[in-house]
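Each chain, letter by letter, is given below.
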Amino acid sequence: MSKQNSPVLFFRSLVFLALLLSFFVCKSAAQEEPFPHVAILKIDGAIGPATTDYFKRATQEAVDQGAELVILHLDTPGGLDAASRDIIQHILASPIPIATYVYPSGARAASAGTYILYASQIAAMAPATTLGAATPVQIGGPQGTPMPGGKQEEKKEKAEDGEDGEKEKPLAGTAMERKVVNDSVAFIRGLAQRHGRNADWAEKAVREAATLTAPEALKMNVIDIVADNDDDLLRQVAGRKVLLDTGDYTIPENIAELQSESYEPDWRNELLALITNPQVAYILLLVGIYGLIFEGYSPGAFVPGIVGVICLLLAFYALQVLPINYAGLALIIVGALLIVAEVFMPSFGALGIGGIIALVIGSVMLIDSDVPGMQVSKQLIGAIAGVSGVFLLMLLTAVGRSLRQPKVPADQAFVGRSAVVSEVKDAEILVHLDGEIWQATCNQPLRVGQKVRVVAQHGMVLRVEVE
């Protein structure tokens, strides 16, 4: 009876499993069905390649899931120019409005953050927040020095001319500095004009590093809204008309009633952010270099070589998206080579000290940017230099100790050492000493496994006696 029912039971089990699988698939599909909502994104810290990747992926996912509006919580001291421009291009091409909201209180949209705020369809700030200081930091002069084309500079030129400025003098700064500043001014003025915001103050933020608080920015038409929180922001943007790449768009009146969904960075964004952190990229570079060097000095070890190759590839990936100085990179490689060379070719500190100096100078020069958060920490550089110095000191101490030991002639190095008889055949005796097999002679009969002591050495033949 049970044998006859077994095929039926098997069939019923398959049907049950198929229905169960279909249920989970349908449930998953239902959960992924697009629905109207407000997407919440967050940029906190310096803007780099990982930030751009997160913003692009999150906004695209929000659009696919039916978001009506994106609120970008922004708190940044600035960032890399290329990464910031990628974000701005994505904002301008967005099919739904993006409200950049400098939040929470105490946050700032400095440097690159100001450009992003101007590019957004809605620019908002929380109370006790600031924006501005958008001067390109790579070319910024000492504090208080007027930037090329600034008002202070123009007044100074007019005073020096004595002809009410009728005779113009060349602008201060190099041609490259003026080029970068003027390009930044044109860029931010274009963003301001696109959304009807204060273009003159935008230029002032670039040329003179001007800053504003939230109420001042609202009064001067730099931003659109001052809101206490997300709910307040949604109430104020309801029904507002904004300009998208496709034309005018009116935000729904019921936008404040929609559900809010947070889009957090996924594992890929987290990994990219970790790798492209200058501190981590610097450590990966050093580990990769040392791993390959030690693999070269001890072929077949495999572990140093494998770890070195992986770390070096990750470091190169990070460095190719970071603004690096290739002279600094070369100095780091040379410094590591010199420190390791001291181990195998002792030079009483000359190679090692030179390597540490090259390593420190190269580390300081490695990241070619003044953007906060995009530099190698001086504490990390000091720690690496300190560890290298301690290692070098230990090495020199060991070399000095070996030099103070009494010298033993090469043909008497084994005298007084113990050995074990490994083979006795007629007049031929072989002994095992320090992992090697030596030929030996003895005036006494010996047996295999017996311990003997070396009393003399004649070339490649040892004279031994029973211990």
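Use the structure listed above.
How each quantity is defined
- Residues numbered from 1 in each chain as written.
- Predicted model: local features only at pLDDT ≥ 70, side-chain atom pairs only at ≥ 80, totals over all residues.
- Heavy atoms only, no water.
- Helix = DSSP H or I, 4+ residues; strand = E, 2+ residues; numbered from the N terminus.
- Buried < 20%, exposed > 50% of the residue type's maximum accessible area, 1.4 Å probe, protein only.
- Salt bridge = Lys/Arg side-chain N within 4 Å of Asp/Glu carboxyl O.
- Pairing = 2+ DSSP bridges.
- Axes fitted to C-alpha atoms, helices over the stretch in contact; angles between N-to-C directions.
- Contact = heavy atoms within 4.5 Å.
- Phe/Tyr/Trp six-rings, centres within 6.5 Å; stacked < 30°, edge-to-face > 60°.
- Patch = residues over 30% accessible without salt bridge, like charges linked within 9 Å, V, L, I, M, F, W, Y side chains within 5 Å.
- Areas by Shrake-Rupley, 256 points an atom, 1.4 Å probe, with all protein chains shown as cover.
- Lys, Arg positive; Asp, Glu negative; His and termini not counted.
- Charge placed at Lys NZ, Arg CZ, Asp CG, Glu CD.
- Parallel < 35°, antiparallel > 145°, perpendicular 65-115°, else oblique.
- Nonpolar A, V, L, I, M, F, W, Y, C, P; charged D, E, K, R; others polar.

(A) Up close: unusual backbone geometry. For the peptide bond that leads from tyrosine 103 to proline 104, omega is 0°, which places it in the cis range. When you line up the elements, proline 104 lands in the loop between strand S3 (98-102) and strand S4 (108-110). The backbone phi angle of asparagine 221 is positive, close to 60°, even though this residue is not glycine. Looking at the secondary structure, you find asparagine 221 in the loop between helix H8 (214-219) and strand S8 (225-226). For asparagine 221, a relative accessible area of 37% corresponds to the partly exposed category.

(B) Seen up close, the pattern of salt bridges. Within the structure shown, the criterion is met by 10 salt bridges. Between arginine 85 and aspartate 183 there is a salt bridge, with the nearest N and O atoms lying 3.0 Å from each other. In this pair, arginine 85 is assigned in helix H3 (residues 81-92) and aspartate 183 in helix H6 (residues 175-194), connecting sequence segments 98 residues apart. A relative accessible area of 21% means that arginine 85 is categorised as partly exposed. Taking the relative accessible area as the measure of exposure, aspartate 183 reaches 42% and is therefore partly exposed. One salt bridge connects arginine 453 with glutamate 467, and the closest N-O pair in it is separated by 3.4 Å. Here the residue arginine 453 occupies a position in strand S15 (residues 451-458), and glutamate 467 occupies one in the segment after strand S16 (461-466), the gap between them amounting to 14 residues. Overall, arginine 453 belongs to the partly exposed group, its relative accessible area being 34%. Several salt bridges converge on common partners, so that one network encompasses Arg189, Asp200, Glu203 and Arg207.

(C) The sheet that holds strand S14 (residues 436-441), seen in detail. Spatial ordering of the closed barrel is given by S12-S13-S14-S16-S15, a layout of 5 strands whose pairing is mixed. Mean inter-strand twist for the sheet, computed between neighbouring axes without regard to direction, equals 55°. Summarising the sheet, S14 and S16 pair through 3 bridges and their orientation is parallel. For glutamine 439, the partnering residue across the bridge sits in S16 and is valine 461.

(D) Structural view of the side chain of threonine 276. Turning to its location among the elements, threonine 276 is positioned in the loop between helix H10 (267-275) and helix H11 (278-297). Ignoring anything within four residues of it in the chain, the contact list for threonine 276 reads Ala50, Ala318, Val321 and Leu322.

(E) Expanded view of the packing of aromatic side chains. As enumerated under the stated definition, the model contains 2 aromatic pairs in all. Where tyrosine 101 meets tyrosine 103, the ring centres are 4.9 Å apart and the plane angle is 25°; that geometry is what we call stacked. Ring centres of tyrosine 115 and phenylalanine 187 lie 5.9 Å apart, and the angle between their planes is 20°; this geometry places the pair in the stacked category. Here phenylalanine 187 lies in helix H6 and tyrosine 115 lies in helix H4 (residues 112-119), a separation of 72 residues in the sequence. By relative accessible area, which is 9% here, tyrosine 115 ends up buried. Accessibility expressed as a relative area gives 21% for phenylalanine 187, which makes it partly exposed.

(F) A look at the sheet that holds S8. One open sheet accounts for 6 strands, arranged S8-S5-S3-S2-S1-S11; its pairing is parallel. Looking at the sheet topology across the chains shown, the edges are occupied by S8 and strand S11 (259-262). Where strand S1 (residues 37-44) and strand S2 (residues 67-75) come together, 8 bridges link them in parallel fashion. Bridge pairing in S2 places aspartate 44 opposite aspartate 75. In this fold helix H9 (residues 230-237) packs onto S1, S2, S3, strand S5 (122-125) and S8, with an angle of close to 130° to the strand it touches most, S2.

(G) Highlighting the pairing of S15. Bridge count for strand S12 (residues 418-425) against S15 is 3 bridges, and the pairing is antiparallel. Along S15, the bridge assignment pairs serine 418 with arginine 453. Sheet analysis places S15 next to S16, joined by 6 bridges and oriented antiparallel. From the neighbouring strand, valine 454 faces S16, where its bridge partner is valine 464. Hairpin remark: S15 followed by S16, antiparallel, with 2 residues in the connecting loop; positive phi at glycine 459, about 70°.

(H) Expanded view of a negative patch on the surface. The grouping of Glu61, Asp64, Glu264, Asp266 and Glu270 at the surface amounts to a negative patch. One can find glutamate 61 in helix H2 (residues 49-64).

(I) Region of the structure containing the packing of H3 against H4. The interhelical angle for the contact between H3 and H4, taken along N-to-C directions, is 10°, at an axis separation of 9 Å. Relative to H4, the element H3 lies roughly parallel. In this structure, H3 contributes Ser84, Ile87, Ile88, Ile91 and Leu92 to the contact, and H4 contributes Ala112, Tyr115, Ile116 and Ala119. A breakdown of the residues in the contact of H3 with H4 according to their chemical character gives 8 nonpolar, 1 polar and no charged.

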